[in-house]
Amino acid sequence: MINLKINNIPVSVEEGTTILQAAKKVGIKIPTLCYMKDINAIGACRVCVVEVKGARSLVAACVYPVNEGMEVFTDTPKVRASRKTTIELILSDHNKECLSCDRNTHCELQELAFEYGCNDKRFVGAHHECEKDTSTSYLVRDNSKCVLCRRCVAVCRKIQEVGVIGPEKRGFKTQIGCAFETDLAGSPCVACGQCINVCPTGALHEKEEIDIVRAAIADPEKIVIAGPAPSVRAGLGEEFGYPMGTNVEGKMATALKMLGFDKVFDVNFTADLTIMEEANELVERVKNGGPLPMFTSCSPGWVRYLEYYYPELIPNVSTCKSPQQMFGAITKTYYAEKMGIDPSKLFVVSIMPCTAKKFEKTRDNQNASGYPDIDAVLTTRELAKMIKQNGIIFNELPEGKMDDPLGVYTGAGVIFGATGGVMEAALRTAVETITGEPAQDVEYKKVRGTKGVKEATYEVGGMKIKVAVASGISNAKKVCEKVASGKSDYTFIEIMCCPGGCVNGGGQPIMSSVVRENVDYKALRASVLYKADKKAELRKSHDNPVIKEVYDSYLGEPGSHKAHEILHTSYVTRTRYEK
Amino acid sequence: MANQQKIPFTGTKAQEQKLRKVLRGLKNVDGALMPALQQAQDIYGYLPIEVQEIIADTLGLSLAEVYGVATFYSQFTLTPKGKYKIGVCLGTACYVKGSGDIYAEIQKQLGIESGITPDLQFSLDATRCIGCCGLAPVMTVNDDVYGKMTKDQVAGIIAKYKN
């Protein structure tokens, strides 16, 4: 153990601890800007500087390791002046349109500027010239608000191992962008949006679709349908001050109706539908000799990754559309037909914890009714914004219910949002399909939890099925390498693009670095889904009465010709950089 | 956003083989990117996307990372140099002696802002001090040095190298 004093308070910590971590132990928060736990510790921004007795200059607390007898001072006039000047210098080249900025009131730079009583006009000088990058359907980069903290670079490079962005040029001209200054659409970005979630300012945000949703709601000709994904109910509450891990499904249903949606269904329902098709596809592949292993296809960021980086594995991906696309497809076919509505009048809005879903809706071969399956995608954050804009007092709303028939779901559907959830849901159905007997135990605990790669082997009807579950692209890469080299003995693999699964998607409420420092957010959000599953009367997708009805009266069997036409899709090989 | 003028890539198989050999030698070396870029530039004369992609894939880096380093150091160039590389010193001594006007005149004569002429004959770069301030203002064409330059000498010097 190392003994040191911080502001004259003695503390003992393990060797290798940074000053920042040690200070936390004695109840002192050192301000940070570029630092983020598990993602970025590079000492670049100089906001976390502290005085160390005997040191030549101020040191960056986020990277400076403690040593024996050290005396640290975190709040001297010299330290405060240095931090203040640093922030003021950052502000001198910052696009200060704070009033209308997406991150107004939850911007880490704004908080620091306030905390240090900064004068945003102390330094007046040149500004970066930069255009907004609006080239993709899912993300906007506005480098005029970038503070060059490199958190986005770190999450893209280290956590996702995609690395499509990086710092380029030097000195005042330094900017974050794609290789050869192509726009984001010209790069092999997988659209996960993790960069948005780590950005301390408003330099990155999703491409908003609120206006087109409002226009559809205002159009008397349109019947506007909402379908929230499983994880939205596990994250939305955070935007309204609920503790992390609160299920706000009931209030969300009420709010969606108050916003003017004609019907509020649930993507949990089509998660169940996905399982019917995917479990059937798995059983067919096992019976007919492959191709195996089969990968899940729910996560559009993962699918995009595969298309760019492992196109040779495309035959191994389930052809099932994702729950979002199935939601639009079944609404505009089955539901339209049942209700006698012309599908052109239906406007289907999915609400997603995800930015890649905004890209997914634009993919080819996603228009089962002849019209796009999905018309608009809102992130969890955009939904929260709409609710606030409409003056809806979310916290005081009565608990509502999703509408019939496409709002009925089982516990298997709701756990889709956590890493391992799709695997567990699929196993619940596949096992009964193979054995023909109802299973007693429906909980597959080995595939739960936030570990990056999980493996398990299950005996099913005398057959050994080895499964793998990976979340986060760096983990997906490991599994893909194994499969591509022919060394895998897996039968079925679930992959989610974002670490921890959709609960930690790029469209979820943004947590500051302080929250990330102190909370196991992935597990907390996932717990909402597992609790809902535990409480559910029905926990297997094939027990969902509406699913049964849809197959009996419309689709026939899982994997039928009609099911294929409506619920399945195809993939393409993508070129990483056009020359 | 891309603002580089696009010159068609004319790398040969022999150049690629040479590069790949260099990269094989650097595969498990820490900090391999700098020597890789330096030697690639020796082979190709510049670092186009085609070359940077080979480096990125072989060293297990992302193209953005390679590009970041290639644009950080001024020794690297992303555009090819001409058969005749013209440099004009814009260091302090040359600058006060009017090398800015010389530079502008060359731009006018060649019809380019910087970079390379469409016929790939001439490229133009502003350089720092080349160590002969006594001759200021100075321009260079490959290894030839021209000192005490005046604006009206420019056309004649360029003509010497044409065709």
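Bear in mind the structure is a predicted one, so any value in this text is a computation, not a measurement.

Analysis parameters
Residues numbered from 1 in each chain as written. Chains lettered and ligands numbered in written order. Predicted model: local features only at pLDDT ≥ 70, side-chain atom pairs only at ≥ 80, totals over all residues. Buried ≥ 20, exposed ≤ 12 C-beta atoms within 10 Å, placed from the backbone. Helix = DSSP H or I, 4+ residues; strand = E, 2+ residues; numbered from the N terminus. Pairing = 2+ DSSP bridges. Domains from an automatic or database assignment.

Draft legend 1. Spatial organisation of the pairing of strand E13 (residues 346-352) of chain A. All names here are of chain A. Of all seven residues in E13, seven are buried; the element is thus mostly enclosed. A two-sided burial pattern is seen for E13, the buried positions comprising Leu346, Val348, Ser350 and Met352 on one face and Phe347, Val349 and Ile351 on the other. As judged from the six bridges shared by strand E10 (residues 223-228) and E13, these two strands associate in the parallel manner. Bridged to proline 228 within E13 is isoleucine 351. Taken together, the four bridges between E13 and strand E14 (residues 376-379) define a ladder with parallel strand orientation. Its bridge partner lying in E14, serine 350 is registered against valine 377.

Draft legend 2. Just the sheet that holds E13 of chain A, in detail. Residues and elements named next belong to chain A. Strand order in this open sheet of four strands is E11-E10-E13-E14, and the pairing throughout is parallel. With one partner strand each, in any of the chains shown, strand E11 (263-264) and E14 form the two edges of the open sheet. Relative to E11, E10 runs parallel, the two sharing two bridges. Counted as the bridge partner of alanine 226 is valine 264 from E11.

Draft legend 3. Representation of the domain arrangement of chain B. When cut into domains, chain B gives domain 1 (13-72) and domain 2 (84-161). The C-alpha-based centres of domain 1 of chain B and domain 2 of chain B are spaced at 30 Å.

Draft legend 4. Molecular detail of unusual backbone geometry. In the segment running from aspartate 404 of chain A into proline 405 of chain A, the intervening peptide bond is cis, with an omega of -5 degrees. Secondary-structure assignment places proline 405 of chain A in the loop between helix H13 (380-389) and helix H14 (411-414). Residue proline 137 of chain B follows alanine 136 of chain B across a cis peptide bond; omega there is -5 degrees. With respect to the helices, strands and loops of the structure, proline 137 of chain B is situated in the loop between strand E3 (122-127) and strand E4 (139-141). Positioned with a positive phi, arginine 150 of chain A is a non-glycine residue whose angle comes to about 70 degrees. Mapping arginine 150 of chain A onto the fold places it in the loop between strand E6 (139-141) and helix H4 (151-159). Even without a glycine there, the phi angle at asparagine 365 of chain A is positive, about 65 degrees. Among the structural elements, asparagine 365 of chain A can be located in the loop between helix H12 (356-360) and E14.

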